[in-house]
Amino acid sequence: MAVDAKAVDDATAGLPRMDDIVSLCARRGFIWQSSEIYGGINGFWDYGPLGVELKNNLKALWWQRVVRGRDDVEGLDSSIIAHPRTWEASGHVEHFSDPLVDCRACKKRMRADQLDDAGPCPARQGTSEHDWTPARNFNLMLKTFVGAQEDAAATAFLRAETCQSIFLDFKRVRESARQRIPFGIAQIGKAFRNEINPRNFTFRSREFEQAELEFFCHVSERKKWFEHWLGERLAFHHELGLKETRLRVRPHRPDELAHYAHAAADIEFLFPFGWQEIEGVHDRGDWDLRRHSEFSGKDLTVTDEETKERFHPCVIETSVGVDRTCLALLANAYEEEKLPDGETRTLLRLPLAVAPVKVAVLPLAKKLAEPAQRIARELRRHWSVFYDESGNIGRRYRRQDEVGTPFCVTYDFESESDTRVTVRERDSMTQERIAVDGLRAYLQDRLEMAR
Ligand code: GAP
């Protein structure tokens, strides 16, 4: 779909710039391009020490809300490579493609529906317009070979979505977990798509993580469960602190629906580059189980014990991009705040539950290192803690603000005599003196309040 640049500019006016977020991510160890020392590899990203904590916290929260916190959802961790027939049954071999065009002059390769982003052609005389070939379909699945042969029979695909294995394992999970319809199966894992134009930092990557739930129900209850899961997922994004004004639900128009889908809605976030999907909620009907039954020859129906009806359950899917949600969290939290003294501080107002470091312990001077380290050791048993004894205290606070650390604990010269420390809170910058003995309980209360 062509992008209306003016509408994007209007919607994103006043938001932080993407360049500032990308620069902070690399500088402070959240995310940077994979294989940087070789010049990078397009569409692949590495999460550094803070990035991996952020991502793990997000995944843990999702798992808690979708799997552990319920008795009608089971977890799964399936292999990335599945039997190649999987992708025939799912329709990916035939249909999972984007329209591709090449410029005959400069050789630029683009998705035909994103030509607005191509920029001028550097290779044509007298015009800056590209000389595009007609569009042709390009399958997005990444291929590999399994075993010692490298031929068609050994070809396998890196999964393009995590959900297909959920369908393959449906019967096994249902029977081993002794579940009955309605119930769901969820998993978090890597997915791979050979995107023609990866772009907008991690937003469109070639390797990314999805957190998917497939919820199986009787067709008569499809509407009820669709509404239920859309509500749950929206509540999750609110819980992540994504601002009300930057979150919306966009139901799919009938002409956008996949041929098997009954209803679908995207949950979109307002990124600095415009409104974009972070999660899809889909009513997939009985397409998946029916197709895998056909292709495998295995019976994937269930029987209603009362009516004795045998049927392929209907599937309500929620599929969220972990990387996209991390990016939304960072974009939502990034702020350059003007302070009363005229200075500007950069901070990440990350919600406590996902902040990579919960507490920084900072001795005012190096000679106070020993008792401060003792405090850090004790707190580290409960949370991720950062210890820093170098530089002036104001600058150390700023460094923690910039990575979203909610609390800084300062051990100063008075702490020696009054056995108290200063606890500084990130957002308000207020400071409180807290007894060292009660510090853990104090932080526990503050951190738990956010749950
Ligand atoms: N099983 C359904 C499915 O895969 P999708 O809309 O293609 O649906 C679901 O993907 C989510 O996965 C998206 O909402 C997005 O958050 C994430 N996603 C998809 N392609 C991505 C890409 N190339 N890079 C990063 N995240 C992506």
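Residues numbered from 1 in each chain as written. Predicted model: local features only at pLDDT ≥ 70, side-chain atom pairs only at ≥ 80, totals over all residues. Heavy atoms only, no water.

What follows is about the overall build of the protein. A count of helices and strands for the protein gives 14 helices and 23 strands. If one aligns the C-alpha atoms of the protein with their principal axes, the spans along those axes are about 75 × 75 × 50 Å. Taking the contacts inside the protein whose residues are at least 6 apart along the sequence as the reference set, 65% of them involve residues at least 24 apart. Surface exposure of the protein reaches about 22,200 Å², of which carbon and sulfur atoms provide 49%. Here the protein holds 66 positive side-chain charges and 74 negative ones, and the gap between their average locations is 2 Å. (Helix = DSSP H or I, 4+ residues; strand = E, 2+ residues; numbered from the N terminus. Contact = heavy atoms within 4.5 Å. Areas by Shrake-Rupley, 256 points an atom, 1.4 Å probe, with all protein chains shown as cover. Lys, Arg positive; Asp, Glu negative; His and termini not counted. Charge placed at Lys NZ, Arg CZ, Asp CG, Glu CD.)

Contact geometry for helix α11 (residues 369–380) and helix α14 (residues 439–449): axes closest at 11 Å, N-to-C directions at 45°. Taken together, the axes of α11 and α14 lie oblique to each other. Between α11 and α14 lies a crossing of right-handed hand. Across the interface between the two elements, I375, E378 and L379 from α11 touch L439, R440 and L443 from α14. Looking at side-chain class alone, the contact of α11 with α14 contains 4 nonpolar, no polar and 2 charged residues. (Axes fitted to C-alpha atoms, helices over the stretch in contact; angles between N-to-C directions. Parallel < 35°, antiparallel > 145°, perpendicular 65-115°, else oblique. Left-handed = near helix turned anticlockwise from the far one by under 90°. Nonpolar A, V, L, I, M, F, W, Y, C, P; charged D, E, K, R; others polar.)

What follows is about a nonpolar patch on the surface. Together, I80, I81 and V146 make up an exposed nonpolar region whose accessible area comes to about 210 Å². By relative accessible area, I81 is classed as partly exposed at 33%. (Patch = residues over 30% accessible without salt bridge, like charges linked within 9 Å, V, L, I, M, F, W, Y side chains within 5 Å. Salt bridge = Lys/Arg side-chain N within 4 Å of Asp/Glu carboxyl O. Buried < 20%, exposed > 50% of the residue type's maximum accessible area, 1.4 Å probe, protein only.)

Two aromatic rings, taken as a pair, are described by how far apart their centres are and by the angle between their planes. Taken as a whole and judged by the stated rule, the model has 13 aromatic pairs. Between W45 and F201, the aromatic rings sit 4.9 Å apart at their centres with planes inclined by 85°, giving edge-to-face as the arrangement. Placement of the pair is W45 in strand β2 (residues 45–47) and F201 in the loop between β9 (183–192) and β10 (207–217), with a sequence separation of 156 residues. Using a relative accessible area of 23% as the deciding quantity, one classes W45 as partly exposed. Cluster of aromatic residues (ring-pair linked, three or more members): F167, F170, F183 and F216. Directly above the aromatic system of Y47 lies the positively charged group of K55, at a separation of 4.1 Å from the ring centroid. Geometry around Y397 places R424 over its ring, the cationic atom sitting 4.5 Å from the centre. (Phe/Tyr/Trp six-rings, centres within 6.5 Å; stacked < 30°, edge-to-face > 60°. Lys NZ or Arg CZ within 6 Å of the ring centre and 35° of its normal.)

Between its first and last C-alpha atoms α11 spans 16 Å; for 12 residues at 1.5 Å apiece the expected length is 16 Å, and the two agree. Every buried residue of α11 is accounted for by A369, P371, A372, I375, A376 and L379. Where α11 is buried, its residues meet β19 (359–363), β20 (385–387), β21 (407–411), α13 (413–418), β22 (420–425) and α14. (Expected span 1.5 Å × (residues − 1).)

This next bit is on the side chain of T410. Along the polypeptide, T410 turns up in strand β21. Here the side chain of T410 touches Y397 through a polar contact of 2.8 Å, side chain to side chain. Ignoring sequence-local partners within four residues, the contact set of T410 consists of L362, L364, I393, Y397, S415, V421 and T422. (Polar contact = N/O pair within 3.5 Å; in protein donor to acceptor, adjacent residues only side chain to side chain.)

This part is about the sheet that holds β20. If you walk across this open sheet you meet the 5 strands as β20-β19-β21-β22-β23, and the pairing is mixed. Both edges of this open sheet fall to β20 and β23 (431–435), since each of them pairs with a single strand only. With strand direction ignored, the average angle separating the axes of adjacent strands in the sheet is 25°. Alignment of β19 against β20, held across 3 bridges, turns out to be parallel. Of the residues in β20, the one forming a bridge with V359 is V385. Contacting β19, β20, β21 and β22, α11 runs over the sheet at an angle of about 165° to β20. (Pairing = 2+ DSSP bridges.)

Turning next to the nonpolar core. One finds F30 and W62 to be the most contacted residues of the largest nonpolar core, which totals 56 residues. Not counting chain neighbours up to four residues away, the residues in contact with W62 comprise V67, A186, Q187, I188, A211, E212, L213, R233, F236 and V320. Membership of the second largest hydrophobic core comes to 22 residues, among which are V359, Y411, V421 and L447. (Core = buried A, V, L, I, M, F, W, Y, C linked by side-chain atoms within 4.5 Å.)

Turning next to the state of the cysteines. Note: disulfide means a covalent bond formed between the sulfur atoms of two cysteine side chains. For the structure on display, the rule yields 0 disulfides. The thiol of C103 is unpaired, and the distance to the nearest cysteine sulfur, on C106, comes to 3.7 Å. Of the cysteine sulfurs around C121, a residue in no disulfide, the closest is that of C103, at 3.9 Å. According to the relative accessible area criterion, C121 is buried, its value standing at 5%. (Disulfide = S-S within 2.5 Å.)

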